[in-house]
Amino acid sequence: MADASARTLTLRRPDDWHLHLRDGAVLNAVVRETARHFARAIVMPNLVPPVATGAQAAAYRERILAAVPAGMDFTPLMTVYLCEETDPADLKAAKAAGIIHAVKLYPAGATTNSASGVRDFSKVQKVFDTMAEIGLPLCVHGEVTDPAVDIFDREAVFIERVLEPLRRRTPGLKVVLEHITTREGADYVRQGGDDIAATITVQHLIINRNHILVGGIKPHYYCLPVAKREEHRLAVRAAATSGDSHFFLGTDSAPHLDPAKESACGCAGCYTATNALSAVTEVFEQDGALDRLEAFISLNGPAFYRLPPNDARITLTKGEAVDYPRKIATEAGPLTVFDPTFPLHWSVAE
Ligand SMILES: NC(=O)N[C@@H](CC(=O)O)C(=O)O
Ligand SMILES: [Zn+2]
Ligand SMILES: [Zn+2]
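Residues numbered from 1 in each chain as written. Chains lettered and ligands numbered in written order. Predicted model: local features only at pLDDT ≥ 70, side-chain atom pairs only at ≥ 80, totals over all residues.

### Things to note about the environment of Trp-346
What counts here: By the criteria applied, helices consist of DSSP H or I runs no shorter than four residues and strands consist of E runs no shorter than two, each listed in order from the N terminus. Residues are called buried when their C-beta atom has 20 or more other C-beta atoms within 10 Å, exposed when it has 12 or fewer, and partly exposed otherwise; all C-beta atoms are positioned from the backbone. We call two residues in contact when the distance between their C-beta atoms, placed using the backbone, is within 7 Å.
Mapped onto the fold, Trp-346 is located in strand β13 (residues 346-348). Its 23 C-beta neighbours within 10 Å are what place Trp-346 among the buried residues. The spacing of Trp-346 and Ala-279 is 67 residues in sequence and 7.9 Å in space, taken between C-alpha atoms. When neighbours within four sequence positions are excluded, Trp-346 is seen to be in contact with Ser-278, Thr-281, Glu-282, Leu-316, Thr-317, Lys-318 and Val-322.

Pasting the structure below:
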């Protein structure tokens, strides 16, 4: 489809396999930014209070659909937030009704709005067993919360201490290790067989921890899992651009209003929906991997989730630097768009 000198790419319309849309004023402002480019998205359930039941997922889905501007075609794929009280029968019913496509595991305290997450994994083993039985994937925020573990080691330690034992206890459970940031994450998933996959974000293809900390603290580059050393960024980037079916785009676009980011205790999350597709295309071009872009953004995700790829196509065109907004206005205040640090040249025909 694409060669190194391509200036136009026509690809199947992509999906975003990890997205935060929030609610209310922010939802109303950000949903169009995603719907412009992506046909579907796995919508994260970490609202306050969390989306914890099938009924709450159905109600959130209605609020999202009501916020999609007229004439735009966007399908939210809902998830439920795993709590120690989650009822396996409720998940079964919500999956059978086509409302939910995954369950999200947040270790309690690991990230934004994760206070209701799981503390004692033995309390949710029945839920995992049911999910394995009905083929409902588990999306995992893969970081331990043990205060004794260094924040830069939390993903690798999670794989060893939590994820591998959980998968051994629950044969057949399909797992997405979300937003991987390490060589260990990429290696584990690549070698993990057909029941595991990983999402990779835009920012983790582009930034390492220096971007956050050198020359002053840059709150808009702070997200969780936090960006690691350069060698890890390169390993994650190689996984994305390899075309390997275990890896697909989940932007983890995570809007927080500017005052909440630019603060003495700034929130974790990068807002990337607006320029995600241009940035990912630029990355694949930089690495001579445009022929593997469609696998990463449009094919590998649906295959893992056992959904058909989109029939619609998008056209990406290379030209002068793309002029995308630096901020998105919402009725609650501004959101800063992720700055990839280099100009983007690929625009998307809408
Ligand atoms: N990635 C982040 O840094 N933040 C996400 C939560 C998450 O995906 O862990 C958010 O909801 O803001
Ligand atoms: Zn997360
Ligand atoms: Zn996220």
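### Some details on the environment of His-232
With respect to the helices and strands, the residue His-232 is situated in helix α9 (residues 230-241). By C-beta crowding, His-232 is classed as buried, having 23 other C-beta atoms within 10 Å. Through-space distance from the C-alpha of His-232 to that of Leu-205 is 9.7 Å; in sequence the pair is 27 residues apart. Setting aside its immediate chain neighbours within four residues, His-232 contacts Thr-181, Thr-182 and Arg-183.

### Comments concerning the sheet that holds strand β1 (residues 8-12)
Within a beta sheet, neighbouring strands are joined by backbone hydrogen bonds and run either parallel or antiparallel to one another. Selection rule: At least two bridges found by DSSP between two strands are what make those strands a pair. To obtain an axis, a line is fitted to C-alpha atoms, over the contacting stretch when the element is a helix, and the angle between two such axes runs from 0 to 180 degrees between their N-to-C directions.
The sheet built from three strands is open, its strands ordered β1-β10-β13 with antiparallel pairing. At either end of the open sheet lies a strand with only one pairing partner, and these are β1 and β13. Between one strand and the next, the sheet's axes are offset by a mean angle of 25°, whatever the strand orientation. Bridge count between strand β10 (residues 313-318) and β13: three bridges; the pairing is antiparallel. Within β13, the residue paired with Leu-316 across the bridge is Val-348. With respect to the sheet, helix α11 (residues 276-286) is in contact with β10 and β13, its orientation differing from that of β13 by roughly 140°.

### Notes on the nonpolar core
This is how it is decided: We define the nonpolar core as any set of buried residues of the types Ala, Val, Leu, Ile, Met, Phe, Trp, Tyr and Cys, connected via C-beta atoms lying within 7 Å of each other.
Judged by nonpolar contacts, the single largest core of 101 residues is most densely connected at Val-43, Val-80, Val-103, Leu-138, Leu-177, Ile-200 and Val-280. Element by element, the count of residues in this core is highest for helix α12 (residues 293-305), at seven residues. Apart from the residues lying within four places of it in its own chain, the contact partners of Val-80 are Pro-45, Val-51, Ala-52, Thr-53, Gly-54, Ala-57, Leu-91, Ala-94, Ile-100 and Val-103.

Just geometry here; none of it tells us what the structure is for.
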